[in-house]
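The primary structure of each chain is shown beneath.
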Amino acid sequence: MAAFVPRQVYPHLESIPRSYYLGHHAAGLAKMTSMVSQMDLVIECRDYRVPIVSRNPMFEANLGERPRMIVYTKQDLGSNVTRMGKHTRKEDMQREKIIKKWDAPSISFFTDIKSPTTIKRVLDFARAHANASTSLFGTRLMVVGMPNVGKSSLLNALRNVSLGKKKAARTGDQPGVTRKIGSDVKIIEAQDGREAVYVLDTPGVFVPYVPDAESMLKLALCGSVKDTIIPPTTIADYLLYHLNLVDPDLYNMFSEPTNDIFGVLEGLARKQGRLKKGGLPDFESSALQFIQRWRSGQMGKFILDDVTEDALAERTQHLELLGGSMNQARKAAKQLKKEAYLAGG
Ligand SMILES: Nc1nc2c(ncn2[C@@H]2O[C@H](COP(=O)(O)OP(=O)(O)OP(=O)(O)O)[C@@H](O)[C@H]2O)c(=O)[nH]1
């Protein structure tokens, strides 16, 4: 039998929508912009699995006047698992070193809400920042980021690790759970003459313009876009492309190594009884299940963006060649803000 050869490049799909900038994103960003001068620090969350494409330049453009820290969330879902199933923390650390360099002079952290150690690092930085502040009314932090990146979960984890308190913000595995800017949530108690520290949760804001179909697929696979926007079988196929590059054994419970997503989904459907009338596989529900397995870390943990020293600069250059993504983003944001206003949103 011929050896299996995975696809080395994902085919460009013109049909993939490249926009998911909704009215409440524009309205939320406008409100954040109007409030930012009252904030001492902005915590910008990005997804560890897509450290490049989960950057939203709109935050820098609109909130850049305040000091900020970058938090790469869901580190536990992006850590390497090699073919032998061994976790290679060394590789993670190399990657994180590069990301920190990209973000300098802003400071970056990598978190997993189930790891108090990673949360404590963010808390320590927030505390040090607060201690250096002269505010008489406490320090205020605003947590921002793309939809479903884990902002509310981070807020809850900060509060829990610091104060031992239960959830204050609603979380969920679909984007758009937080629709409005919340109220101040205390994460550090006032102590020894120091004022308390509060965090403000905000709705996720998607990039107004996604420059290429593959970036959109990455964001959809990580859950930043509602699962109804791109056909689940297409997202599943994109996942299969990555699984094959990392290790085709990751889906061996459903199929032999293959580039045919429908073969894999049929295997899953038959194994889990996801069948329609006449015993035909339910491809859509099987695709959602396939994607969910990866999102929950049960089918390999790896990142989707290439992290190399030059990757970010190359991306920025690419975007400039496409016509200045920032200008396009600003224009799109302005237009949508206007539409949101006219619609009363
Ligand atoms: N494995 C893992 N899952 C996480 C982590 N942080 C958040 N999540 C999950 O990611 C999903 C989204 O989390 P939320 O906190 O609701 O995300 P959000 O950014 O507030 O979402 P929006 O409402 O769209 O703004 C939830 O299912 C969380 O449980 C993490 O560190 N590790």
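Conventions and cut-offs
Residues numbered from 1 in each chain as written. Predicted model: local features only at pLDDT ≥ 70, side-chain atom pairs only at ≥ 80, totals over all residues. Heavy atoms only, no water. Helix = DSSP H or I, 4+ residues; strand = E, 2+ residues; numbered from the N terminus. Buried < 20%, exposed > 50% of the residue type's maximum accessible area, 1.4 Å probe, protein only. Contact = heavy atoms within 4.5 Å. Areas by Shrake-Rupley, 256 points an atom, 1.4 Å probe, with all protein chains shown as cover. Near = heavy atom within 4 Å. Polar contact = N/O pair within 3.5 Å; in protein donor to acceptor, adjacent residues only side chain to side chain. Nonpolar A, V, L, I, M, F, W, Y, C, P; charged D, E, K, R; others polar. Salt bridge = Lys/Arg side-chain N within 4 Å of Asp/Glu carboxyl O. Pairing = 2+ DSSP bridges. Axes fitted to C-alpha atoms, helices over the stretch in contact; angles between N-to-C directions. Phe/Tyr/Trp six-rings, centres within 6.5 Å; stacked < 30°, edge-to-face > 60°. Lys NZ or Arg CZ within 6 Å of the ring centre and 35° of its normal. UniProt positions renumbered as here; feature names shortened; annotations may be inferred. Parallel < 35°, antiparallel > 145°, perpendicular 65-115°, else oblique.

## Observations regarding the overall build of the protein chain
A count of helices and strands for the protein chain gives 12 helices and six strands. Counting all 345 residues of the protein chain, 51% fall into the buried class. Looking at the protein chain alone, contacts between residues at least 24 apart form 73% of all its contacts between residues at least 6 apart. Summing over all exposed atoms, the protein chain offers an accessible surface of approximately 16700 Å²; the carbon and sulfur share of this is 53%.

## Regarding the site of the ligand
Near the ligand lie 22 residues; those nearest to it are Asn148, Lys151, Ser153, Gly176 and Thr178. With respect to the ligand, the backbone of glycine 150 contributes an N or O atom lying 2.9 Å from an oxygen atom. One of the side-chain nitrogen or oxygen atoms of serine 153 is found 2.6 Å away from an oxygen atom of the ligand. Against a free-state accessible area of 660 Å², the protein chains account for coverage of 88% of the ligand. Residue assignment for the shell around the ligand shows that the elements contributing at least two residues are α3 (75–78) and α6 (151–163). For the shell around the ligand, the element with the most residues is α6, which contributes three residues. Here the residues of the shell around the ligand sort into six nonpolar, 10 polar and six charged.

## Here's the deal with the pattern of salt bridges
Counted according to the given criterion, the structure contains 19 salt bridges. For lysine 114, the salt bridge is made with aspartate 112, and the minimal N-O distance between the two is 3.9 Å. Lysine 114 sits in the exposed class, given a relative accessible area of 64%. Of the residues examined, aspartate 112 reaches a relative accessible area of 13% and is grouped as buried. Aspartate 212 is the salt-bridge partner of arginine 315, the closest N and O atoms lying 3.4 Å from each other. Highlighted residues: arginine 315 in helix α11 (residues 311–321) and aspartate 212 in the loop between β6 (197–201) and α7 (213–221), separated in sequence by 103 residues. Taken individually, arginine 315 and aspartate 212 each receive the classification buried, so the pair is uniform in this respect. A single salt-bridge network, built from bridges that share partners, covers Glu44, Arg46, Arg55, Glu60, Arg68 and Asp103.

## Structural notes on the sheet that holds strand β4 (residues 139–145)
Two modes of strand pairing occur in sheets, parallel and antiparallel, and in both the strands are linked by backbone hydrogen bonds. Strand order in the open sheet formed by six strands is β3-β2-β1-β4-β6-β5, and the pairing between neighbours is mixed. A strand with exactly one partner marks an edge of an open sheet, and here the two such strands are β3 (107–110) and β5 (185–188). Mean inter-strand twist for the sheet, computed between neighbouring axes without regard to direction, equals 30°. With five bridges joining them, strand β1 (residues 41–47) and β4 adopt parallel strand pairing. Its bridge partner being in β4, isoleucine 43 is matched across the sheet by valine 143.

## So, the packing of aromatic side chains
The final tally for this structure, using the stated rule, is nine aromatic pairs. Geometrically, the ring pair formed by phenylalanine 109 and phenylalanine 125 is tilted, given 5.7 Å between the ring centres and 55° between the ring planes. Residue phenylalanine 109 is found in strand β3, and its partner phenylalanine 125 is found in helix α5 (residues 116–131); the two are separated by 16 residues along the sequence. Looking at phenylalanine 109, the relative accessible area reads 11%, which means it is buried. A ring pair is formed by tyrosine 238 and tyrosine 241, whose centres lie 5.7 Å apart and whose planes are at 35°; its orientation type is tilted. Taken together, the positions of tyrosine 238 and tyrosine 241, both in helix α8 (residues 232–246) and three residues apart, correspond to about one turn of that helix. In terms of burial, tyrosine 238 and tyrosine 241 fall into one category: buried. Here the aromatic cluster, defined as three or more aromatic residues joined through ring pairs, consists of Tyr10, Tyr238 and Tyr241. Across the ring face of phenylalanine 109, the terminal group of lysine 100 is positioned such that the distance to the ring centre comes to 6.0 Å.

## Examining the UniProt feature "binding site: GTP" (unreviewed entry) in the protein chain
Within this numbering scheme, the UniProt entry marks Asn148, Val149, Gly150, Lys151, Ser152, Ser153 and Gly204 as carrying the feature "binding site: GTP" (unreviewed entry). Their sequence span is 57 residues, while the largest C-alpha to C-alpha distance among them is just 12.5 Å; these annotated residues converge on one region. With respect to the secondary-structure elements, lysine 151 resides in helix α6. Classification of lysine 151 by relative accessible area gives buried; the value is 6%. Polar contacts involving the side chain of lysine 151 include one to the main-chain carbonyl oxygen of methionine 146, which spans 2.8 Å. Among the secondary structure elements, glycine 204 is positioned in the loop between β6 and α7. With near-sequence residues (within four places) excluded, glycine 204 lies in contact with His25, Gly145, Met146, Pro147, Lys151 and Thr178.

## Examining the packing of helix α9 (residues 261–272) against helix α10 (residues 283–295)
At their nearest, the axes of α9 and α10 sit 9 Å apart, and the two run at 90° to each other. Considering their axes alone, α9 and α10 lie roughly perpendicular with respect to each other. Where α9 approaches α10, its residues Ile261, Phe262, Val264, Leu265, Glu266, Leu268, Ala269 and Gln272 are matched on the opposing element by Phe283, Ser286, Ala287, Gln289 and Phe290. Broken down by class, the residue content of the contact of α9 with α10 amounts to nine nonpolar, three polar and one charged.

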